Amino acid sequence: MPDPEVDITFDEDNRIRVMPKEKFKQTEQLESECQAFSEKIQGFSGTVDMLVEVLDGEANKIEQEKMRAIGQRNRAEMEAEARRRKEQTMKAAITEKQAEL
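This structure is a prediction, so every number in the text was calculated from the model and none was measured.

What counts as what
Residues numbered from 1 in each chain as written. Predicted model: local features only at pLDDT ≥ 70, side-chain atom pairs only at ≥ 80, totals over all residues. Heavy atoms only, no water. Helix = DSSP H or I, 4+ residues; strand = E, 2+ residues; numbered from the N terminus. Rg over C-alpha atoms; globule rule 2.2 N^0.38 Å. Areas by Shrake-Rupley, 256 points an atom, 1.4 Å probe, with all protein chains shown as cover. Lys, Arg positive; Asp, Glu negative; His and termini not counted. Charge placed at Lys NZ, Arg CZ, Asp CG, Glu CD. Patch = residues over 30% accessible without salt bridge, like charges linked within 9 Å, V, L, I, M, F, W, Y side chains within 5 Å. Salt bridge = Lys/Arg side-chain N within 4 Å of Asp/Glu carboxyl O. Buried < 20%, exposed > 50% of the residue type's maximum accessible area, 1.4 Å probe, protein only.

> Can you walk me through the overall build of the chain in this structure?
What the chain contains, in helices and strands, is one helix and two strands. For the chain, the succession of helices and strands along the chain, N to C, is β-β-α. Against the 2.2 N^0.38 benchmark of 13 Å for 101 residues, the chain shows a C-alpha radius of gyration of 40 Å, more extended than a compact globule. Projecting the C-alpha coordinates of the chain onto the three principal axes gives extents of approximately 130 × 25 × 15 Å. By element, 58% of the accessible surface of the chain is carried by carbon and sulfur atoms, the whole surface being about 9,700 Å². Taken together, the 17 basic and 23 acidic charged side chains of the chain have centroids lying 15 Å from each other.

Given below as structure tokens:
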């Protein structure tokens, strides 16, 4: 027994269609819209991947500069400490020389 809800028709190319012509056209339109959306999403994904790579590169550069700045700060602190010790040594030597005189 044929199903009363199923409407079998022929389209303009003489192909058998089980669904109404309008629904079939809507389905085809939806399929093309879905494909366009998928292409846009893939393009967006590529853009995001490229952005992530750029940001990772910049993060690495920032980290290297941060480490370089920390090293320079430590070197400056060590230099100040070395100068203070040298000044104390020189003052001690001056005091010793003055005591000899």
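Let's pick the thread back up.
> So what exactly am I meant to see when it comes to a nonpolar patch on the surface here?
A surface patch of nonpolar side chains, about 450 Å² in accessible area, is lined by Ile8, Phe10, Ile16 and Val18. With respect to the helices and strands, the residue phenylalanine 10 is situated in strand β1 (residues 9-10).

> Would you take a moment to explain the pattern of salt bridges for this structure?
Where side chains of opposite charge bring their charged atoms close, a pairing between them can arise. In the structure shown here, the tally under the stated rule is seven salt bridges. A salt bridge links glutamate 65 to arginine 68; its shortest N-O distance comes to 2.7 Å. Linking glutamate 65 with arginine 68, this pair stays in helix α1 (residues 21-100), spanning three residues, or about one helical turn. A salt bridge links lysine 91 to glutamate 87, with the shortest nitrogen-to-oxygen separation between them at 3.3 Å. Placement of the pair is lysine 91 and glutamate 87 together in helix α1, with a separation of four residues, close to one helical turn. The partly exposed category is assigned to glutamate 87, whose relative accessible area is 42%. Residues joined by salt bridges that share partners form a network here, namely Glu81, Arg84 and Arg85.

Everything listed is a geometric property; what it means functionally is a separate question.
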